[in-house]
Amino acid sequence: QVQLVESGGGLVQPGGSLSLSCAASGRTFSTYTVGWFRQAPGKEREFVAAITWSGANAYYEDSVKGRFTIFKDNAKSTVYLQMNSLKPEDTAIYYCAAHYGTTAQAMARMRPSYWGQGIQVTVSS
């Protein structure tokens, strides 16, 4: 079983920055890919970014490229999402997700096996 716990959400002004963390436990993650998805009110859940546990590959949804960075700390079994230049349309519940044996790009087109509980990010003045 895999457990994913998100932290770091909150309220930020447009143009500001926020960092999300996803602490993973319960497995050896060397062959997992971990990603972030988000769901805004009244909209479907959408892919944001993913990274293979080896760190060799990362993949981003077009609207966040150049603004968001996904990276990890193997020693802490934690994946981070650094969000800069935030916009009101980034407001959503952000979910950490993990899946075994897939690529970062493939995660954008699938429903991963494991999910965190979600954390609210609000971008508003």
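In this text, all values refer to a predicted model and were calculated from it rather than measured experimentally. (Residues numbered from 1 in each chain as written. Predicted model: local features only at pLDDT ≥ 70, side-chain atom pairs only at ≥ 80, totals over all residues. Heavy atoms only, no water.)

What follows covers the sheet that holds strand β7 (residues 68–73). Read across the open sheet, the four strands follow the order β1-β3-β8-β7; overall the sheet is antiparallel. Looking at the sheet topology across the chains shown, the edges are occupied by β1 (3–7) and β7. Neighbour-to-neighbour, the strand axes of this sheet turn through a mean angle of 20 degrees, independent of strand direction. Sheet topology note: the β7/strand β8 (residues 78–83) ladder contains six bridges and is antiparallel. Directly across from T69, in β8, lies its bridge partner Q82. (Pairing = 2+ DSSP bridges. Helix = DSSP H or I, 4+ residues; strand = E, 2+ residues; numbered from the N terminus. Axes fitted to C-alpha atoms, helices over the stretch in contact; angles between N-to-C directions.)

Note on placement: R109 falls in the loop between α1 (104–107) and β10 (114–115). Owing to a relative accessible area of 63%, R109 belongs among the exposed residues under this scheme. Here the alpha-carbon distance between R109 and E46, two residues 63 residues apart in the chain, equals 9.5 Å. (Buried < 20%, exposed > 50% of the residue type's maximum accessible area, 1.4 Å probe, protein only.)

Taken as a whole and judged by the stated rule, the model has one disulfide. With a sulfur-sulfur separation of 1.9 Å, C22 is cross-linked through a disulfide to C96. Taking the torsion about the sulfur-sulfur bond, which here is approximately -75 degrees, the covalent link between C22 and C96 counts as left-handed. Within this pair, whereas C22 is found in strand β3 (residues 18–25), its partner C96 is found in strand β9 (residues 92–100), the two being separated by 74 residues in sequence. As far as burial versus exposure is concerned, C22 and C96 are alike and both buried. (Disulfide = S-S within 2.5 Å.)

One pass over the full model with this rule turns up four salt bridges. One salt bridge in this structure joins D62 and K65, with 3.1 Å as the shortest N-O distance. R67 is paired through a salt bridge with D90; the nearest N and O atoms lie 2.8 Å apart. Here the residue R67 occupies a position in the loop between β6 (58–60) and β7, and D90 occupies one in the loop between β8 and β9, the gap between them amounting to 23 residues. With relative accessibility at 1%, the residue D90 sits in the buried group. (Salt bridge = Lys/Arg side-chain N within 4 Å of Asp/Glu carboxyl O.)

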